[in-house]
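# Descriptive analysis of the structure
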Amino acid sequence: MSDQTTTASEQDENHIIAERRAKLAEWRATGKAYPNDFERENISGKIIELYDSKTSEELEANPVEVKVAGRIMLKRVMGKASFITISDVGGRIQIYVARDKVGEEEYAAFKRWDIGDIVGVVGPLFRTKTNELTVQANDIRLLSKSLRPLPEKFHGLTDQEQKYRMRHLDLIMNEQSRFTFVARSRIVQSIRNYMCSHGFLEVETPMMHPIPGGASARPFMTHHNALDMPLYLRIAPELYLKKLVVGGFEKVFELNRNFRNEGMSPRHNPEFTMMEFYEAYSEYHKLMDFTEGVLRHSAREALGAEVFEYQGRTLDLSKPFDRLTMVEAIMKYRPQYTLEQLNDADWLRQRLTAMKVELKPGMGLGTLQLLMFEETTEADLWDPTFIIDYPAEISPLARSSDANPEITERFELFIVGREIANGFSELNDPEDQAERFMAQAKAKDAGDEEAMYYDADYIRALEYGLPPTGGCGIGIDRLVMLLTDSPNIRDVILFPQMRPE
RNA sequence: GGGUCGGUAGCUCAGUCGGUAGAGCAGCGGACUUUUAAUCCGUUGGUCGGGAGUUCGAAUCUCCCCCGACCUACCA
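A short tour of the structure in this document, coming up. (Residues numbered from 1 in each chain as written. Chains lettered and ligands numbered in written order. Predicted model: local features only at pLDDT ≥ 70, side-chain atom pairs only at ≥ 80, totals over all residues. Heavy atoms only, no water.)

### Observations concerning the overall build of chain A
Of regular secondary structure, chain A possesses 18 helices and 19 strands. Computed over its C-alpha atoms, the radius of gyration of chain A comes to 30 Å, more than 25% above the 23 Å expected for a compact globule of 501 residues. Here the analysis covers contacts within chain A between residues at least 6 apart in sequence; of these, 66% occur between residues at least 24 apart. Split by element, the accessible area of chain A, about 25800 Å² in all, is 50% carbon and sulfur. Across chain A, the centroid of the 61 positively charged side chains sits 7 Å from that of the 80 negatively charged ones. (Helix = DSSP H or I, 4+ residues; strand = E, 2+ residues; numbered from the N terminus. Rg over C-alpha atoms; globule rule 2.2 N^0.38 Å. Contact = heavy atoms within 4.5 Å. Areas by Shrake-Rupley, 256 points an atom, 1.4 Å probe, with all protein chains shown as cover. Lys, Arg positive; Asp, Glu negative; His and termini not counted. Charge placed at Lys NZ, Arg CZ, Asp CG, Glu CD.)

### Details of the packing of helix α16 (residues 430–445) against helix α17 (residues 456–463)
Orientation of α16 relative to α17, taken along the N-to-C sense of each, is 165°, at an axis distance of 9 Å. Comparing the axis directions of α16 and α17 gives the class roughly antiparallel. The way α16 lies across α17 gives a crossing that is right-handed. Side by side, α16 and α17 meet where P430, Q433, A434 and F437 of the first sit next to Y458, I459, L462 and E463 of the second. Taken together, the residues of the contact of α16 with α17 break down into 6 nonpolar, 1 polar and 1 charged. (Axes fitted to C-alpha atoms, helices over the stretch in contact; angles between N-to-C directions. Parallel < 35°, antiparallel > 145°, perpendicular 65-115°, else oblique. Left-handed = near helix turned anticlockwise from the far one by under 90°. Nonpolar A, V, L, I, M, F, W, Y, C, P; charged D, E, K, R; others polar.)

### So, the sheet that holds strand β10 (residues 229–233)
Taken together, the 3 strands give an open sheet; going across it, the order is β8-β10-β9, and neighbouring strands pair in antiparallel fashion. Every interior strand has two partners, whereas the edge strands, β8 (208–209) and β9 (221–224), have only one. Summarising the sheet, β8 and β10 pair through 2 bridges and their orientation is antiparallel. Paired with H209 across the two strands is Y232, which belongs to β10. (Pairing = 2+ DSSP bridges.)

### Details of the sheet that holds strand β11 (residues 251–259)
Spatially, the 8 strands line up as an open sheet ordered β7-β11-β12-β19-β18-β17-β16-β15, and their pairing is mixed. Single-partner strands in this sheet number two, and they are β7 (201–202) and β15 (322–325). In terms of strand pairing, strand β16 (residues 385–388) meets strand β17 (residues 410–415) through 4 bridges, oriented antiparallel. Paired with F386 across the two strands is L413, which belongs to β17. The sheet strands contacting helix α9 (residues 175–197) are β7, β11 and β12 (271–280), and the helix crosses β11 at an angle near 150°.

### Remarks on a negative patch on the surface
A contiguous patch of negative charge, built from D429, E431, E435 and E463, is present on the exposed surface. When its relative accessible area of 57% is taken as the criterion, E435 is described as exposed. (Patch = residues over 30% accessible without salt bridge, like charges linked within 9 Å, V, L, I, M, F, W, Y side chains within 5 Å. Salt bridge = Lys/Arg side-chain N within 4 Å of Asp/Glu carboxyl O. Buried < 20%, exposed > 50% of the residue type's maximum accessible area, 1.4 Å probe, protein only.)

### Quick word on the side chain of D88
Positionally, D88 belongs in strand β2 (residues 81–88). R40 provides the closest opposite charge to the buried, salt-bridge-free D88, at an N-O distance of 4.1 Å. Separated by 2.5 Å, the side chains of D88 and S44 make a polar contact. Within the structure, the side chain of D88 is placed 2.8 Å from the backbone nitrogen of G90, a separation counted as a polar contact. Not counting the four nearest positions on each side in its chain, D88 is found in contact with R40, N42, I43, S44, A69 and G70. (Polar contact = N/O pair within 3.5 Å; in protein donor to acceptor, adjacent residues only side chain to side chain.)

### Some points on the pairing of β10
Pairing between β9 and β10: 4 bridges, direction antiparallel. Paired with M221 across the strands is Y232, a residue of β10. Between β9 and β10, which pair antiparallel in sequence order, lie 4 residues; one of them, D228, sits at a positive phi of approximately 45°.

### Things to note about the pattern of salt bridges
Under the criterion given, the structure shown has 34 salt bridges. Ionic pairing is found between K46 and E49, a salt bridge with its closest N-O pair at 3.6 Å. Of this pair, K46 and E49 both sit in helix α3 (residues 44–51), 3 residues apart, which is roughly one turn of the helix. Taking the relative accessible area as the measure of exposure, K46 reaches 45% and is therefore partly exposed. Accessibility expressed as a relative area gives 57% for E49, which makes it exposed. When the shortest N-O distance is used, the salt bridge between R127 and D52 registers 3.4 Å. Of this pair, R127 sits in strand β4 (residues 118–127) while D52 is found in the loop between α3 and α4 (56–61), placing the two residues 75 residues apart along the sequence.

### Overview of helix α18 (residues 476–483)
The periodicity of an α-helix, 3.6 residues per turn, causes residues three or four places apart in sequence to face the same way. Most of α18 sits out of view: 8 of its 8 residues are buried. D485 sits one or two positions beyond α18 and adopts a positive phi of about 55°.

Encoded structure:
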């Protein structure tokens, strides 16, 4: 009895697929399955662009024959004539298939094709009664069989998980998804162009590091068999890029993946894309100017505008971005706090403890201010805002301020409450850097898993002399989220990390 | 980790007070030569996320577990 149930359910689960496999078997029997000799010459969008202005009479007087191919998205059979809508890279176009034109045999075969199948069509353009530009099929061929049914034609694929797990299906069904990833490509292209046209050299540095460096994060670890040594997927390209500046590549950038073995969230994916750039004889104020330029340029290229909506709220990149210290930002957005309070380490400790923030002994004033900023203000920085002058103790690669060695010449850029970029005047004093690494190594020994390693190789490079340099990283995924109005980082990564099914 | 919501046919979803499973689309059979989510007639298809319990009887109630979305926290 249980055997019967199992068999029945297996059949049920696959009955649509089984039906299509049977059709595929019939197709194979003709000896013409999966041909690749159809020469597609036209794209739907281009056809519409060129001929949608032509009247029915004009198309009759000067016939335009096209060869299009694409996936059947809709099928309406009315006896001896049918309409299908096919989808290709340029959009959709309607095809009229009449038995009189394609022949009895071909038409009978066509009637058995399914939504999702890929076809090639040859024939002239005409206009239907309702004036829709349509291809009249003189010839129609099945090019590829779809064994799995597409989601329901009206509602499409709405399940978020399925959209992420089966991006191919999401792209077939959702115009919005196609748009987002085309926009992503344009944004990346525009940034690359902007950098190159400003004299930056694009480089590729290792993704496998013997010592993970350049950021404070937990790395993914792997192992090289031949060398029998551990390797880490990079958490940032920073140290390698600065070695290139030592080497005389004074303006470099790298646009590629980083990997961080940390929590996932709507704003965090374990692998994510950064554009990091370094410029000799620059410093953090110039970097902020340049970063603003990069963002405005990519917005213009992707959207044609510097002012747009994000999640129903206006975002304006056209005005100069605010530049505030953490204390200034807190006082601007949380006027109940005074300068005296925010400069009083004991008061901050008390406040933060009351807010249930975990404090470690030895935290300096700057770090306490940072925590206060994160706790009270960061999420409200909707308009683009550079927060400047980060505490040295959490910025081990940044140059200290001449006026106050406790702080560094560093900024983070926040937009819609999210960190989008992070940059600073680089620490190019090898002895200072060695001391900072020592402090990090000590923190790591004390159990801070995100503290940096002591990187002797990097110190040696600095000892050859790094010119005064500014460097910055821009989170490309988060930028794409802004420019495509996407609420979740997974919406802008083609194949986001998912728990296995 | 915490909270909220959810998991029912291939897809999108209903399912009342606990009474033994429904629609649309897709599929299959039929009608139809200008449709637009085509239409019309007929029809196949279910481990109701999993397990245990309560009950004469559970998609429905209880408990445990799994999976997901969103929020929140953590991860600068």
